[in-house]
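The residues making up each chain are set out below.
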Amino acid sequence: MFDAKVYTDRRNRLRGEVKNGIILILGNTEASFNYPANTYHFRQDSSFLYFFGMDHPDLAGVLDIDENKDYIFGNDVDIDDIIWMGPQPMMKDRAAEVGVSNTAPLKDLLDFVKAAKSKGRKIHFVTPYRGETYMQMEQLLGIPFAEIAGLASMELVKGIIKLRSVKDQFEIAEIEKAVDIAYEMHTTSMRMAMPGRIEREIAGTIEGISLAKGGPVSFPIILSVNGETLHNHYHGNVLEAGRMMVTDAGAETTMHYSSDITRTVPVGGKFNQRQKDIYEIVLAANLKTIEATRPGISNRELHLMAAHIIASGLKDLGLMKGNIDDAVKEGAHAMFFPHGLGHMMGLDVHDMEGLGENNVGYNEEIKRSTQFGTAFLRLGKKHQPGYVFTIEPGIYFIPALIKKWKAEKKFTDFINFEKAESYIGFGGIRIEDDILVTDTGYRVLGKPIPKTVKEIEDTMANPL
Ligand code: GLY
Ligand code: MN
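About the criteria used
- Residues numbered from 1 in each chain as written.
- Chains lettered and ligands numbered in written order.
- Predicted model: local features only at pLDDT ≥ 70, side-chain atom pairs only at ≥ 80, totals over all residues.
- Heavy atoms only, no water.
- Helix = DSSP H or I, 4+ residues; strand = E, 2+ residues; numbered from the N terminus.
- Rg over C-alpha atoms; globule rule 2.2 N^0.38 Å.
- Buried < 20%, exposed > 50% of the residue type's maximum accessible area, 1.4 Å probe, protein only.
- Contact = heavy atoms within 4.5 Å.
- Pairing = 2+ DSSP bridges.
- Near = heavy atom within 4 Å.
- Polar contact = N/O pair within 3.5 Å; in protein donor to acceptor, adjacent residues only side chain to side chain.
- Areas by Shrake-Rupley, 256 points an atom, 1.4 Å probe, with all protein chains shown as cover.
- Nonpolar A, V, L, I, M, F, W, Y, C, P; charged D, E, K, R; others polar.
- Core = buried A, V, L, I, M, F, W, Y, C linked by side-chain atoms within 4.5 Å.
- Arc of directions from axis to C-beta.
- Axes fitted to C-alpha atoms, helices over the stretch in contact; angles between N-to-C directions.
- Salt bridge = Lys/Arg side-chain N within 4 Å of Asp/Glu carboxyl O.

A.B. asks: Quick rundown of the overall build of the protein? Include the residues and the values.
C.D. replies: Within the protein one finds 17 helices and 15 strands. A compact globule built from 464 residues would reach a C-alpha radius of gyration of about 23 Å, and the protein, at 24 Å, matches this within 12%. Projected onto its principal axes, the C-alpha coordinates of the protein cover approximately 70 × 50 × 45 Å. Residues classed as buried in the protein amount to 54% of the 464 residues present. When contacts within the protein are restricted to residue pairs at least 6 apart in sequence, long-range pairs at least 24 apart make up 73% of them.

Written as structure tokens, this is what we have:
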């Protein structure tokens, strides 16, 4: 946990963004897995963590803006809890650690909200993302669950996003710890990527590294020789020489800050020429967009820069053709690069996505594109110092997409479909790093993880 002052300052700044009324920030409850008492690993809501820091289920935080008072609603443990969970601090002491002096049992929240409503006070809340929270809010606010999303406070959503988007030095230090754990995960994955291994042996080992060094993984591990499937969670393939293996994996620290890193390596540890050719294009897109990062440049510009580098490189290999500016403008590159360059990262690996992707990544100035490919870019707006985001270009040979566009005779001026078909079975390559926007440029966070062909081959020369 950070110092109490950090949380008090954050709440005070949120007060400046939301002018009057009451802000309700619900923590998460336990969620059942396959029977009521067998629960998923508990994960606190990230905005609750940001403003109230307490990492336990069944808590609610309230900022009474008009009265300038903060509250934590939550129950003290009883003897049954102590028998099963061990001794726990009293709620009052826990709340004091985050600078809150007003505490009350959870059941009092209903009366508190009712009293505020009866006085006609505005109650600000955000749209929930869990069924349990919808039910809790329906009961607290007396609003049918289907109407809750429509009544969420945009003032609160915008205020939270404004604050959480700019990371302070303590948060950056946490994210760097998460990248350093990812360093161990990824170099282990590289060294295990040898013929005969089953993907799950590697995925399980690196998930264990995350748990041993911080917290759980920041999202389910993507690890596959079929890297053309962007979010491939099937880990049952046996590694064979000649394939590429994508590992897209990150860790959470004990304080729940994330990392999100992707590396792609040749099974066995040596790139062949065809793999190297595609790899170097993706690497150039990764490096050049990182180098171009600075305050004021929009992430959509960076995305389109990556698209341009990818399309030009593919033209050099004969996979694309024609005028590359036109190809990118029309979206032809998206057959090979059908996703966005990256997303914000912080307490959530896709930071604040629960508050609405467009609210986080776009604004009045830069609206989301509707074009296939660029439409999937989660972050389009201009960068500011303190933003932390991912840069993750890729090239993929997706059999179904190649066949579909060929049959539709789509972009025949820009794509050499015969050549693209000859790459079916190649898989995909993605290279992802976590970047801080500084006052003048950028900093790649954490210990550098092998990325060039030579660095990867050198790392894999010591197999595990
Ligand atoms: N690391 C997975 C993603 O960014 O979607
Ligand atoms: Mn990512």
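A.B. asks: A description of the sheet that holds strand S6 (residues 102-104) should follow, citing residues and the corresponding values.
C.D. replies: The strand order S6-S5-S4-S1-S7 describes an open sheet built from five strands, whose pairing is mixed. Looking along the sheet, the strands with just one partner apiece sit at the ends: S6 and strand S7 (123-124).

A.B. asks: Lay out the site of ligand 1 in plain terms, naming residues and giving numbers.
C.D. replies: Around ligand 1, the surrounding shell consists of Phe219, His231, Asp248, Asp260, His343, His350 and Glu392. One of the side-chain N or O atoms of Asp260 is found 2.9 Å from a nitrogen atom in ligand 1. Within the side chain of His343, a nitrogen or oxygen atom sits 2.9 Å from an oxygen atom of ligand 1. Protein contacts shield 93% of the accessible area of ligand 1, which totals 200 Å² for the unbound molecule. When the residues that make up the shell around ligand 1 are grouped by side-chain class, the tally is one nonpolar, three polar and three charged.

A.B. asks: Describe the nonpolar core, naming the residues involved and giving the relevant values.
C.D. replies: Counting residues in hydrophobic clusters, the biggest one holds 123 residues, and the most contacted among them are Leu14 and Phe336. The element best represented in this core is helix H9 (residues 169-192), accounting for nine residues. For Phe336, the contacting residues outside a window of four places in its chain are Leu314, Leu319, Met320, Gly394, Ile395, Tyr396, Phe397, Ile415 and Ala420. Formed by 20 residues, the second largest nonpolar core is a distinct cluster that contains Leu26, Ala60, Ile143 and Ile148.

A.B. asks: Go over helix H17 (residues 453-460) with me, naming the residues and quoting the values.
C.D. replies: For the α-helix, the turn length of 3.6 residues means that residues three or four positions removed from each other point alike. Listed in full, the buried residues belonging to H17 are Val453, Ile456, Glu457, Thr459 and Met460. On an axial view of H17, the arc spanned by its buried residues comes to 160°, and they lie on one face. On its buried face, H17 is in contact with H9, strand S10 (261-266) and helix H11 (273-291).

A.B. asks: Residues and numbers for the side chain of Glu171, please.
C.D. replies: Turning to its location among the elements, Glu171 is positioned in helix H9. A relative accessible area of 2% places Glu171 in the buried class. Excluding residues within four positions of it along the chain, Glu171 makes contact with Phe2, Arg10, Tyr50, Val166 and Tyr257.

A.B. asks: For the sheet that holds strand S14 (residues 433-437), give the residues involved together with the corresponding values.
C.D. replies: The antiparallel open sheet is built from three strands, whose spatial order is S11-S14-S15. Strands at the two margins of the open sheet, each flanked by one partner only, are strand S11 (388-391) and strand S15 (442-444). In this sheet, neighbouring strand axes are inclined to one another by 35° on average, regardless of whether the strands run parallel or antiparallel.

A.B. asks: Account for the pattern of salt bridges, naming residues and giving values.
C.D. replies: In this structure the tally under the stated criterion is 30 salt bridges. Here Arg121 ties to Asp64 by a salt bridge, and the two come within 2.6 Å at their closest N and O atoms. Note that Arg121 is positioned in the loop between helix H5 (108-118) and S7 and Asp64 in strand S4 (residues 60-64), a separation of 57 residues in sequence. We classify Asp64 as buried; its relative accessible area is 2%. Across the salt bridge formed by Lys367 and Glu364, the nearest N and O atoms sit 3.5 Å from each other. Classification of Lys367 as partly exposed rests on a relative accessible area of 46%. Overall, the relative accessible area of 69% leaves Glu364 in the exposed class. The structure contains a network of salt bridges with shared partners spanning Arg164, Lys167, Asp348 and Asp351.

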